[in-house]
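# What the coordinates show
Single-letter residue listing:
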Amino acid sequence: MRNPTLLTGLLYGLFLPMAGFSLLYFGYGALEQAGIVSEIGFSPFFRERTSAVVAICLNLIPLNLFMKRRATPAMRGTVLATVVYVIFWVIYFGRYTLA
């Protein structure tokens, strides 16, 4: 990939958090079924909120790589996807954390 474009950054920014969320969420489920972790005592939607925040933070990896390559359009695409996910997170989970 010679010159990553805005679309490239947008695709990385959209799909990496989706994959990360899936792995984390189902990983928590597997650990809970194995009896290693428990949801007892946590606030509502703790697993979902935490998995979503960590998944959104995964966008820092391609963002850093694009920054090292000086691929500004790809960085903009990744940041755009991250902002969309953060807005969605605040709208969906804000009532549980900001109240």
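This section reports on the structure supplied with the text. Just so it is clear, the model here is predicted, and its values are computed rather than measured. (Residues numbered from 1 in each chain as written. Predicted model: local features only at pLDDT ≥ 70, side-chain atom pairs only at ≥ 80, totals over all residues. Heavy atoms only, no water.)

Turning to the overall build of the protein, a few remarks are in order. Along its length, the protein carries 4 helices and 0 strands. Relative to its length of 99 residues, the protein is extended, with a C-alpha radius of gyration of 16 Å against a globular reference of 13 Å. With the principal axes as the frame, the protein shows a C-alpha extent of 50 × 30 × 15 Å. Sorting the 99 residues of the protein into buried and exposed places 27% on the buried side. If you sum the accessible surface of the protein, you get close to 6,900 Å²; carbon and sulfur atoms cover 71% of it. (Helix = DSSP H or I, 4+ residues; strand = E, 2+ residues; numbered from the N terminus. Rg over C-alpha atoms; globule rule 2.2 N^0.38 Å. Buried < 20%, exposed > 50% of the residue type's maximum accessible area, 1.4 Å probe, protein only. Areas by Shrake-Rupley, 256 points an atom, 1.4 Å probe, with all protein chains shown as cover.)

Our next topic: the layout of surface pockets. Volume-wise, the largest pocket comes out at about 220 Å³. Around the largest pocket sit Pro17, Met18, Phe21, Glu48, Ala52, Ala55, Ile56, Tyr85, Phe88, Trp89, Tyr92 and Phe93, which together line it. Looking at the lining of the largest pocket, the elements with two or more residues in it are helix H1 (6-33), helix H2 (46-57) and helix H4 (72-97). Looking at the lining of the largest pocket, the element that brings in the most residues is H4, giving 5 residues. Among the residues forming the lining of the largest pocket, the class breakdown is 11 nonpolar, no polar and 1 charged. (1 Å grid on protein atoms, 1.4 Å probe; cavity = no way out; pocket = protein on both sides within 12 Å on 5 of 7 lines; lining within 4 Å. Points joined across faces, edges and corners; volume = space filled by probe spheres on them. Nonpolar A, V, L, I, M, F, W, Y, C, P; charged D, E, K, R; others polar.)

Turning to the side chain of Asn59, a few remarks are in order. Positionally, Asn59 belongs in the loop between H2 and helix H3 (60-68). Look at Asn59 and you get buried, because its relative accessible area is 2%. Beyond its immediate chain neighbours, meaning those up to four positions away, Asn59 contacts Tyr12, Gly13, Leu16, Pro17, Thr78 and Thr82. (Contact = heavy atoms within 4.5 Å.)

Grouped together as the largest cluster of nonpolar side chains are 5 residues: Ala52, Ile56, Tyr85, Trp89 and Phe93. Taken together, the elements giving at least two residues each to this core come down to H2 and H4. When residues of this core are assigned to their parent elements, the largest contribution, 3 residues, is made by H4. Setting aside chain neighbours within four positions, we find Trp89 in contact with Arg49, Ala52, Val53, Ile56, Gly94 and Thr97. (Core = buried A, V, L, I, M, F, W, Y, C linked by side-chain atoms within 4.5 Å.)

This paragraph deals with the packing of H1 against H4. One way to put it is that H1 packs onto H4 with a least axis distance of 6 Å and a crossing angle of 40 degrees. When the axes of H1 and H4 are compared, the pair comes out oblique. Our pair here, H1 against H4, has a crossing hand that is right-handed. Here Leu6, Gly9, Leu10, Gly13, Leu14, Pro17 and Met18 of H1 lie close against H4, whose contacting residues are Pro73, Ala74, Arg76, Gly77, Thr78, Leu80, Ala81 and Tyr85. (Axes fitted to C-alpha atoms, helices over the stretch in contact; angles between N-to-C directions. Parallel < 35°, antiparallel > 145°, perpendicular 65-115°, else oblique. Left-handed = near helix turned anticlockwise from the far one by under 90°.)

Without other data, these values stay purely geometric and don't point to any function.
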